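Structural overview for review
As a plain string of letters, each chain reads:
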Amino acid sequence: MAFNFKFTPELLKTAEKAEKLCTEKFAETRENARINGEKVLRAFIENKVSSAHFNPTDGYGYNDAGREKTDAVFASVFGGGASASVSAIARHNFISGTHAISAALFGILRPGDLMLSLTGRPYDTLSGVIFADSGGSLKEFGIKYAEIPFGSNLHENAELIKACKVAYIQRSRGYMLRQSLSVSQIGAIVKTVKEINPGTLVVVDNCYGEFCETLEPTNFEIGADLAIGSLIKNPGGGIARTGGYIAGRGDLVDLCAQSLSAVGIGTEAGCTLGLTREILLGLFLAPEITANALMTSVFASALFELLGYETFPKYSEKRVDLPLAIKLGNREKLIAFCEGIQAASPIDSFAAPVPWAMPGYDNDVIMAAGAFTMGSSIELSADAPLREPYAVWLQGGLTYATGKIGVLNAAVSLLGEV
């Protein structure tokens, strides 16, 4: 698809109208970025980060000061301050958010325990971790699983909550059109769960939500026991090339670390190979980069609403995570939208995204992501399973200016001359 940065006057007029509709949300996003940026800077200063912490280690990585300092900074950020009783591990050898969640679940669950999802069926890639009949799933280790539909009355499910070891919350919508959860909503869920069963551990899949608000689920006033995410999403700031994090209660984080490495080793080993600098730099930039991605998403929501499409969430709604779902209606439109995003990407703009049987998914998936880091969804990207209701999920945008161009090009690809 040829791309020349030229859009029709009609589309540019619609885009101008969309931006005016977004004025209030843009201002809220910028203010959130200011508060979060200050919080992250404070974490670096209070933990006395030095350039010496960027020195690489190899082999076993014993006494790697950079690894330890990175954990401390993440703990400060996700605990809400240096005094918060939150610890963290941030590691390049988490290959994805799913991997980090898997390590956490295997770290804190034991045979006979019950995992209860409070937000319906978890994201597609966790199906194997939980349900598979082979390969070493939770099911194979005798860990039970139950779920209640998203939005269910928790008191009506009190017996399940009393019986469960882990209450699992997926903050973002995944490949669904349900509402994403705000941190305050998560806090209300945590409070109810703890009232019903103080011993239940509340674990939050925090992917796509970091820095979209000024609190995180593991902040003291919210009270989740663990929050987990990917470094090629929000907290990596477009700099980290791989990795993930687990933050929360210190004893639980230690169990997760032993699941990742080996029992008896935990956080005491693991070389950094010179990647500490990019993980910390990415975290430092993350509030600003996340704000750019949020503004791109809000603009896209307004534009496609004006073009007659249903969006989830609408541009005027409170934003609590990055993904925007746009209901397109059929396979051809979905593919055309993704082609438009790919053609406006800095990397592989000449490539055509093709649906394929991606590991971990039940349906063919199409992904448009001309990104500097493969699969990075803090960079402008669009993806979807090829199934009803043929919605596309848009996320990312390292800069608002280039994100806006990508969104406009997707509109042209979808609709032709707009």
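Residues numbered from 1 in each chain as written. Predicted model: local features only at pLDDT ≥ 70, side-chain atom pairs only at ≥ 80, totals over all residues. Heavy atoms only, no water.

Let's talk about the environment of isoleucine 405
Note that isoleucine 405 resides in helix α11 (residues 400-415). Judged by its relative accessible area of 24%, isoleucine 405 falls in the partly exposed class. (Helix = DSSP H or I, 4+ residues; strand = E, 2+ residues; numbered from the N terminus. Buried < 20%, exposed > 50% of the residue type's maximum accessible area, 1.4 Å probe, protein only.)

Looking at the packing of aromatic side chains
With the rule as written, the count across this model stands at 14 aromatic pairs. Ring geometry for phenylalanine 44 versus phenylalanine 284: centroids 5.8 Å apart, planes at 75°, classification edge-to-face. Taken as a pair, phenylalanine 44 in helix α2 (residues 23-46) and phenylalanine 284 in helix α9 (residues 276-306) lie far apart in primary sequence, 240 residues in all. The exposure class assigned to phenylalanine 284 is partly exposed, which follows from its relative accessible area of 39%. With a centroid separation of 6.0 Å and 85° between ring planes, the pair formed by phenylalanine 106 and phenylalanine 141 is classed as edge-to-face. Separated by 35 residues along the polypeptide, phenylalanine 106 in helix α4 (residues 97-108) and phenylalanine 141 in the loop between α5 (127-131) and β3 (144-147) bring together distant segments of the chain. A relative accessible area of 48% means that phenylalanine 141 is categorised as partly exposed. Ring-pair connections join several aromatic residues into one group, and the members of that group are Phe74, Phe78, Phe211 and Tyr245. Across from the ring centre of phenylalanine 299, 5.9 Å away, lies the NZ or CZ of lysine 404, which sits over that ring. (Phe/Tyr/Trp six-rings, centres within 6.5 Å; stacked < 30°, edge-to-face > 60°. Lys NZ or Arg CZ within 6 Å of the ring centre and 35° of its normal.)

A short note on the sheet that holds strand β11 (residues 381-385)
Spatially, five strands are ordered β8-β9-β12-β11-β10 in an open sheet, and the strand pairing comes out antiparallel. Each end of this open sheet is capped by a strand with a single partner; those strands are β8 (310-312) and β10 (365-368). The mean inter-strand angle of the sheet, taken between neighbouring strand axes irrespective of direction, is 20°. The pairing of β8 with strand β9 (residues 324-327) spans three bridges and is classified as antiparallel. Within β9, the residue paired with threonine 311 across the bridge is isoleucine 326. In the packing of α9 onto the sheet, the strands contacted are β8, β9 and β12 (391-395), and the crossing angle to β9 comes to about 15°. Each of β9, β10, β11 and β12 touches helix α10 (residues 331-343); the most contacted strand, β10, lies at about 25° to it. (Pairing = 2+ DSSP bridges. Axes fitted to C-alpha atoms, helices over the stretch in contact; angles between N-to-C directions. Contact = heavy atoms within 4.5 Å.)

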